[in-house]
Amino acid sequence: MAKVAYYPGCALEGSGGPYDRSTRALVKSLGMEMETVHDWNCCGAMEVKNIHPMLQTYMSARVMAIASEQMGYDTVMAPCNGCYHNLKKAEYELATSSESLDTLQGLAKKSEDPVYKGDVRTVHLLEWLMEDLGADGIKQKISKSLNGIKVANYYGCMYTRPRQIFPEKDQGPGSESSYKPHFMDDLLGAAGAVNVDFPLKTACCGGAHTLSDADTSTQLVLNIIQAAEDAGAEVIATECPTCHSGLEMHQVRAETEFGIKTNVKILYFTQLLGLAMGLSARKLGVHENVSDSLDFLHAKGVV
Amino acid sequence: MAIHEKTLIDPSRLITSDTLVVDGVDVSGHWNTMILPRTLKEYDDGFEAHIKEYAGAENVHRCWQCGSCTNSCTMYAQNTDFNPRYWIYLTRLGLKDEILKDKDIIWQCVSCNKCTNICPKDVRPEGVMKALAHWIEAEGFGEKSNSTIFDEEFARQCIARGRIEDSEVMTNFYKNTNQDIKEMALNGWLGIFVARMNKWTELRNGNIWKFITRTPIMHSLHMGYSMFFKPKTKSWGHTGEVLSQYVKEQKELAHG
Ligand code: SF4
Ligand code: SF4
């Protein structure tokens, strides 16, 4: 099994803590191995590129350079869509523009940082799980079925767009699709969940403006939540800390500011998979989510 | 090429007289509505080149006006005045005044990249939206948007420490945009959000046991700790200075 360098990123260190904890617990219980990137820095999220794109490219490449130059890994694994997207974008930019690569390497030398050479690739946690175990591998490892919980799998923007930066997607059978991603569906389905037909898998939650244009974000989140409810989902499974906090935050905002109450629970896919591995809800940080799903999970016999 | 006739018939160019008789025929009312002819003089030939100097808009010249970006756009679905194809068209024609009519919404692009994903000419419209928003602010045509204030606070922390801290981003954003975070926490949705996260709502409902078993003590402690001891990349060294210097030089090079 390929060991990877784990890049948690700022969100998983802060408000996305439950995603970090459930990722670590899940990976361990599956017998997979990873090592946290030493003294990593922020990837620049969605904001830094707006100050200058090279800033973001630099910050992402620095993480990849630490993993390869200092730790000897050829693969970085990021569970956050924002980190994943930025690292992939830097990979693409630096592979396709020698001018950018020169600038980057010059800046790295000046800063006395490890120099990125283009020899690392980034995968999302979903991709790593699919590559190493696949749905069948997961099926063999589950100790407790998710008992047909109806799940809407929400992938968000940055895991699939723009497709140019993800050359391994859309490569036919077995590969992830940028238009109709299915890895989360495959994994949770294998763990006993029922995936509902959810049309907004890759819709935008307005995460970039979650505070600065809150009304827009609330509207976009409501679109997603209501579409999931219409599809019969009991849970929305997320794979990104920004999407997850956005959904939770604007679900509360929609209810308290606009009187629109919704009932769907929001959980990280790692929490659901972890439950199927028999891990405790506490260990997976289920109680740390804002949308309180413990009673529901209890009633379903999953906790 | 698409046309932008919707701005040619803006209300100030319409003339309607209450009574009008032409060749003995009374054409009062709707029949005598005229549109003043106009010749566009207020275009700026160098505008496209100027916008291309903003990072992200390098490919704006490639647009062939297929409309795919607008067709797929998340914000267009919210508000049909949000129209990337149209603004790109105006950029290419140098019609700055027309763009400025929409200055209050251009910054709303949520960076979902649907446009960049679908554009057949690799224009990267998302970057053009950001470039236009920055141009509007840089030239003083509009206030700094909340979005820019957020970006600046976020980038400031990244450059200073290599990492950000959630609550610092949030409090400084509200402070820099003159929003009363205390009021939001005490009487608004933010307070309810925090109460639910910490399961105080259970306490209020008298479910003491649920509160004790569900309150996220470690998570809250960890987040509280980070507020005082900011997350930091120890090996960041003078990386931040080198990066700031680079950005400063690049901006001077592009805009003098
Ligand atoms: S999708 Fe691309 S080519 Fe088509 S109108 Fe938009 S920017 Fe122009
Ligand atoms: S990135 Fe902006 S312009 Fe492009 S589709 Fe999304 S909201 Fe529209």
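Residues numbered from 1 in each chain as written. Chains lettered and ligands numbered in written order. Predicted model: local features only at pLDDT ≥ 70, side-chain atom pairs only at ≥ 80, totals over all residues. Heavy atoms only, no water.

Engineer: Lay out the overall build of chain B with the relevant residues and their values.
Structural biologist: Looking only at helices and strands, one finds 17 helices and four strands in chain B. Taken against the 2.2 N^0.38 rule, which gives 18 Å for 256 residues, the C-alpha radius of gyration of chain B at 26 Å runs more than 25% over that of a compact globule. Taking the principal axes of the C-alpha coordinates as reference, chain B spans close to 90 × 50 × 35 Å. The proportion of buried residues among the 256 residues of chain B is 45%. Restricting to contacts in chain B with at least 6 residues of sequence separation, those with at least 24 account for 55%. Approximately 14000 Å² of chain B is accessible, and the part contributed by carbon and sulfur atoms is 57%. Measuring between centres, the 31 positive side-chain charges of chain B sit 10 Å from its 33 negative side-chain charges. (Helix = DSSP H or I, 4+ residues; strand = E, 2+ residues; numbered from the N terminus. Rg over C-alpha atoms; globule rule 2.2 N^0.38 Å. Buried < 20%, exposed > 50% of the residue type's maximum accessible area, 1.4 Å probe, protein only. Contact = heavy atoms within 4.5 Å. Areas by Shrake-Rupley, 256 points an atom, 1.4 Å probe, with all protein chains shown as cover. Lys, Arg positive; Asp, Glu negative; His and termini not counted. Charge placed at Lys NZ, Arg CZ, Asp CG, Glu CD.)

Engineer: Would you mind going over the site of ligand 2 in detail, with residue names and values included?
Structural biologist: Neighbouring residues of ligand 2: 14 residues in total, closest C73, C109, C112, N113 and C115 of chain B. Residues that form the shell around ligand 2 fall into these classes: nine nonpolar, three polar and two charged. (Near = heavy atom within 4 Å. Nonpolar A, V, L, I, M, F, W, Y, C, P; charged D, E, K, R; others polar.)

Engineer: Can you explain the domain arrangement of chain A? Please cite residues and give values.
Structural biologist: Residues and elements named next belong to chain A. As far as domains go, chain A holds domain 1 (4–123) and domain 2 (145–300). Measuring from the centre of the C-alpha atoms in domain 1 to the corresponding centre in domain 2 gives 24 Å. Contact with domain 1, which involves 24 residues of that partner, is made by 31 residues of domain 2. Interface of domain 1 and domain 2: buried area, both sides summed, is about 2200 Å²; carbon and sulfur atoms make up 69% of it. (Domains from an automatic or database assignment. Buried area = accessible area lost by both parts, 1.4 Å probe.)

Engineer: Explain the UniProt feature "domain: Cysteine-rich" (unreviewed entry) in chain A residue by residue, including any values.
Structural biologist: Residues and elements named next belong to chain A. UniProt records the feature "domain: Cysteine-rich" (unreviewed entry) for residues 4–88 and 152–247 in the present numbering. Along residues 4–88, the helical share is 56% and the strand share 12%, with 16 Å between the first and last C-alpha atoms. End C-alpha to end C-alpha, residues 152–247 measures 13 Å, and it is 33% helix and 9% strand. (UniProt positions renumbered as here; feature names shortened; annotations may be inferred.)

Engineer: With reference to specific residues and values, describe the pattern of salt bridges.
Structural biologist: Applying the stated rule across the entire model yields 31 salt bridges over all chains. Notably, a salt bridge pairs D113 of chain A with R62 of chain A, separated by 3.0 Å at the nearest N-O pair. Note that D113 of chain A is positioned in the loop between α6 (98–111) and β4 (121–124) and R62 of chain A in helix α4 (residues 53–70), a separation of 51 residues in sequence. This pair shows no difference in class: D113 of chain A is buried, exactly as R62 of chain A is. For the salt bridge of K117 of chain A with E69 of chain A, the shortest nitrogen-to-oxygen distance reads 2.9 Å. Separated by 48 residues along the polypeptide, K117 of chain A in the loop between α6 and β4 and E69 of chain A in helix α4 bring together distant segments of the chain. In this structure E69 of chain A comes out as partly exposed when scored by relative accessible area, which is 34%. Connected through salt bridges with shared partners, the residues E153, R156, R161, E165, E168 and K230 of chain B form a single ionic network. (Salt bridge = Lys/Arg side-chain N within 4 Å of Asp/Glu carboxyl O.)

Engineer: Lay out the site of ligand 1 with the relevant residues and their values.
Structural biologist: All names here are of chain B. For ligand 1, the set of nearby residues contains 14 residues, the closest of which are C63, C66, G67, C69 and C119. Contributions of two or more residues to the shell around ligand 1 are made by α3 (68–72) and α5 (84–93). Residues of the shell around ligand 1, tallied by class, amount to nine nonpolar, three polar and two charged.

Engineer: Lay out the domain arrangement of chain B with the relevant residues and their values.
Structural biologist: Along its sequence, chain B is carved into domain 1 (6–35), domain 2 (46–139) and domain 3 (146–239). A separation of 59 Å is found between the C-alpha centroids of domain 1 of chain B and domain 3 of chain B.

Engineer: Can you lay out the environment of M59 of chain A for me, pointing to particular residues and giving the numbers?
Structural biologist: With respect to the helices and strands, the residue M59 of chain A is situated in helix α4. Expressed as a C-alpha distance, the spacing of M59 of chain A and A45 of chain A, which sit 14 residues apart in the sequence, is 9.8 Å. Residues within four places of M59 of chain A in sequence aside, it is in contact with N41, C42, C43, G44 and V48 of chain A together with C158, G162 and W236 of chain B.

Engineer: Explain the side chain of E127 of chain A to me, using residue names and the numbers behind them.
Structural biologist: All names here are of chain A. Secondary-structure assignment places E127 in helix α7 (residues 125–132). Here E127 occupies a buried position and makes no salt bridge, while the nearest side chain of opposite charge, K169, is found at 4.1 Å. At 2.9 Å, the side chain of E127 and the side chain of Y84 are in polar contact. At a separation of 2.8 Å, a polar atom in the side chain of E127 contacts the main-chain amide nitrogen of H124. Sequence-distant contacts of E127, that is, excluding residues within four places in its chain, are made with Y84, Y159, E168, K169 and F183. (Polar contact = N/O pair within 3.5 Å; in protein donor to acceptor, adjacent residues only side chain to side chain.)

Engineer: Any chance you could break down the environment of S293 of chain A for me, citing the residues and the numbers?
Structural biologist: All names here are of chain A. With respect to the helices and strands, S293 occurs in the loop between α12 (269–276) and α13 (294–299). With 29 residues separating them along the chain, S293 and V264 place their C-alpha atoms 9.0 Å apart. Excluding its chain neighbours within four sequence positions, the residues that come into contact with S293 are K265, L267 and V286.

Engineer: How would you explain the sheet that holds strand β7 (residues 235–238) of chain A if you had to name every residue and give the values?
Structural biologist: Strand-to-strand pairing in sheets goes through backbone hydrogen bonds, with the strands running parallel or antiparallel. Residues and elements named next belong to chain A. Read from one edge to the other, the open sheet built from four strands follows the order β6-β5-β7-β8, with strand pairing classed as parallel. Each edge of the open sheet carries a strand with a single partner, namely β6 (194–195) and β8 (265–268). In this structure, strand β5 (residues 150–154) lies alongside β6, joined through two bridges in parallel fashion. Looking at β6, one finds that K150 is bridged to V194. Across the sheet, helix α9 (residues 183–190) lies against β5, β6 and β7, angled at about 155° from β5, the strand it touches most. This element, α12, spans β7 and β8 of the sheet and lies at about 80° to β8. (Pairing = 2+ DSSP bridges. Axes fitted to C-alpha atoms, helices over the stretch in contact; angles between N-to-C directions.)

Engineer: Describe the interface of chain A and chain B, naming the residues involved and giving the relevant values.
Structural biologist: Taken together, the 68 residues of chain A in the interface contact 66 residues of chain B. In total, about 5800 Å² of surface goes out of reach between chain A and chain B, with carbon and sulfur atoms giving 60% of it. Inspection of the chain A/chain B interface yields seven salt bridges. The salt bridge partner of R196 of chain B is E255 of chain A, with a shortest N-O separation of 2.9 Å. In this structure, the connection of chain A to chain B is made through 29 residue pairs in polar contact (both at pLDDT 80 or more). In terms of residue class, the side of chain A that touches chain B is built from 26 nonpolar, 22 polar and 20 charged.

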